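Coordinates in review
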Amino acid sequence: MESFELIDWAVALLPVLLMAGLFAWLDVFKLMSPWEMIACVLLGTVAALVAWPLSGQMLDTLPMGYSFYSRIVAPWIEEALKGIALALLFFNNRIGFKLDAIICGFAIGAGFSVIENIFYLARFPELTTAVWLVRGLGTAVMHGATTAILAVTAHELCERALRRKGGRGFNPVMLLPGYVAASLLHMLFNQFPGHPMEVMIVTLVVAPIMLIGLMRLGEGETHRWLVEESEGHRHWLAGWSDGGFPADASGRRIAALAARSSPAEATLIRDYCILKAELVVAAEEELLDRDRKLDEADEKRLRASIERLARLRKELGRTGYAALSRLLPFSRNDEWELSELKELIDRD
């Protein structure tokens with residue numbers, strides 16, 4: 001490969017990946033590990049690998065030209081595929097706060113753009129470096145930004161539904177408003193094929209400023225959420241002292257469940273609730289600490305607590321755990337915090 005070809009590949013592929021890494025570095029809570037970033041990028045590459053033959057099939061079979069497809073149809077298909085990749089993360093509760101929603105979304109879009117640009121580099125090697133500069137700094141950043149907008153919009157709607165109704169599940173309908181917004185922005189970007197440099201400059205200026213602004217807002221929201229949730233969980237944990245139950249609705253329902261159970265089962269219920277609350281509080285403390293590191297003593301203690309929690313769940317049995325889990329006051333975010341704590345311990 002000639003040196004000028006290497007430059008073409010570098011300007012087409014590297015800028016968006018470096019930008020994704022920059023956003024992860026700017027996250028003061030360090031919510032995503034390098035492996036999680038790589039996984040998100042790979043999800044985006046899978047979406048692009050699906051999009052490429054799908055686009056070719058549509059162009060071959062439907063009565064439309066490439067210009068119409070690129071300007072009107074492609075944005076909706078590509079954002080839908082990236083949205084499906086994002087939905088997998090929501091379904092598996094891999095997104096906890098707006099910060100990691102933004103970073104996950106951008107990383108998926110970055111992965112999508114990398115594969116898309118590799119296809120174009122292989123198919124049109126004769127194009128100039130200026131074209132690849134536009135694709136690397138314009139189109140690729142647009143893909144990342146639109147998916148980040150989709151992710152942060154879906155996260156906000158999920159949080160509002162959680163505050164209003166409670167519950168722990170993810171409703172895919174929450175993706176629709178962000179999907180429409182992302183597709184419209186993508187479609188707007190594609191309306192100016194005759195002015196690629198101007199569109200690249202606007203994208204390169206607007207997208208990072210917008211995303212960094214959203215990240216700063218997300219940081220404030222994350223800190224407030226963690227402080228408020230930690231205080232609430234500490235209060236709930238204190239309600240178990242002296243053999244009692246928390247005075248809130250969750251505590252009363254758990255007390256009723258324990259009263260209907262045998263003494264041995266009631267002890268398991270109490271131990272499980274106390275230990276899980278302690279671990280959630282520990283996870284929130286670790287996130288607020290921001291250094292994402294544990295000393296050896298804390299690591300051993302927390303690892304033992306997590307293992308004991310798993311044993312208690314097993315001892316409760318499938319039916320007993322199902323009955324108890326519906327009564328616990330822990331949200332999707334709390335479960336995500338626990339998963340982050342487990343991953344931190346495994347990494348250490």
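Residues numbered from 1 in each chain as written. Predicted model: local features only at pLDDT ≥ 70, side-chain atom pairs only at ≥ 80, totals over all residues. Heavy atoms only, no water.

**A closer look at the packing of helix H2 (residues 34-61) against helix H4 (residues 98-123)**
Close contact between H2 and H4 brings their axes to 7 Å; oriented N to C, the two are set at 45 degrees. Taken together, the axes of H2 and H4 are oblique relative to one another. Both H2 and H4 take part in a crossing whose hand is right-handed. Residue-level inspection shows Met37, Cys40, Val41, Leu43, Gly44, Thr45, Ala47, Ala48, Leu49, Ala51 and Trp52 of H2 in contact with H4, the latter providing Ile103, Cys104, Ala107, Ile108, Gly111, Phe112, Ile115, Glu116, Phe119, Tyr120 and Arg123. (Axes fitted to C-alpha atoms, helices over the stretch in contact; angles between N-to-C directions. Helix = DSSP H or I, 4+ residues; strand = E, 2+ residues; numbered from the N terminus. Parallel < 35°, antiparallel > 145°, perpendicular 65-115°, else oblique. Left-handed = near helix turned anticlockwise from the far one by under 90°. Contact = heavy atoms within 4.5 Å.)

**Quick look at the packing of aromatic side chains**
Taken as a whole, this structure holds 12 aromatic pairs when the rule is applied. Aromatic pair Phe91 and Phe170: ring centres 5.1 Å apart, planes at 90 degrees, arrangement edge-to-face. In this pair, Phe91 sits in helix H3 (residues 66-91) while Phe170 sits in the loop between helix H5 (129-165) and helix H6 (176-189), placing the two residues 79 residues apart along the sequence. By way of ring pairs, the aromatic residues Trp52, Phe119, Tyr120 and Phe124 are connected into one cluster. Between Lys82 and the ring centre of Phe112, over which it is positioned, the NZ or CZ distance is 5.5 Å. (Phe/Tyr/Trp six-rings, centres within 6.5 Å; stacked < 30°, edge-to-face > 60°. Lys NZ or Arg CZ within 6 Å of the ring centre and 35° of its normal.)

**Regarding the side chain of Glu156**
If you trace the backbone, Glu156 turns up in helix H5. Given a relative accessible area of 19%, Glu156 falls into the buried group. In this structure the side chain of Glu156 is engaged in a polar contact, spanning 2.9 Å, whose partner is the side chain of Arg160. (Buried < 20%, exposed > 50% of the residue type's maximum accessible area, 1.4 Å probe, protein only. Polar contact = N/O pair within 3.5 Å; in protein donor to acceptor, adjacent residues only side chain to side chain.)

**Examining the pattern of salt bridges**
With the rule as written, the count across this model stands at 15 salt bridges. Across the pair Glu285 and Arg234 runs a salt bridge, and its minimum N-O distance is 2.1 Å. Of this pair, Glu285 sits in helix H9 (residues 263-289) while Arg234 sits in helix H7 (residues 196-238), and the two are 51 residues apart along the sequence. The exposure class of Glu285 is partly exposed, given its relative accessible area of 38%. Accessibility expressed as a relative area gives 41% for Arg234, which makes it partly exposed. (Salt bridge = Lys/Arg side-chain N within 4 Å of Asp/Glu carboxyl O.)

**Some remarks on the environment of Leu316**
The topology assignment puts Leu316 in helix H10 (residues 296-325). The class of Leu316 is buried, set by a relative accessible area of 14%. Put simply, Leu316 and Met187 are 129 residues apart on the chain and 53 Å apart in space, counted from C-alpha to C-alpha. Excluding anything up to four places from it in sequence, Leu316 contacts Leu268, Ile269, Tyr272, Tyr321 and Leu324.

**Description of the confidence of the model for the chain**
One rule of thumb: low pLDDT means the predicted coordinates there are not for detailed reading. Mean pLDDT over the chain: 91, with 96% of residues reaching 70 or higher. Taking the mean pLDDT of every element in the chain, the minimum, 87, falls on helix H11 (residues 332-347) and the maximum, 97, on H6. (pLDDT = per-residue confidence, 0-100.)

**So, the nonpolar core**
Judged by nonpolar contacts, the single largest core of 56 residues is most densely connected at Leu86, Phe106 and Leu175. Looking at this core, the elements with two or more residues in it are helix H1 (3-26), H2, H3, H4, H5 and H7. Discounting residues that sit within four places of it in the chain, Leu86 has contacts with Ile95, Gly105, Ile108, Thr147, Leu150, Ala151 and Leu175. (Core = buried A, V, L, I, M, F, W, Y, C linked by side-chain atoms within 4.5 Å.)

**Points about H1**
An ideal rise of 1.5 Å per residue puts 34 Å on 24 residues; H1 measures up with 33 Å between its terminal C-alpha atoms. Of all bends in H1, the biggest is about 35 degrees, found at Leu14, and the proline Pro15 comes one to four residues later. Every buried residue of H1 is accounted for by Asp8, Val11, Ala12, Leu13, Val16, Met19, Ala20, Phe23 and Ala24. (Expected span 1.5 Å × (residues − 1). Bend = angle between axes of the 7 residues up to and from the residue.)

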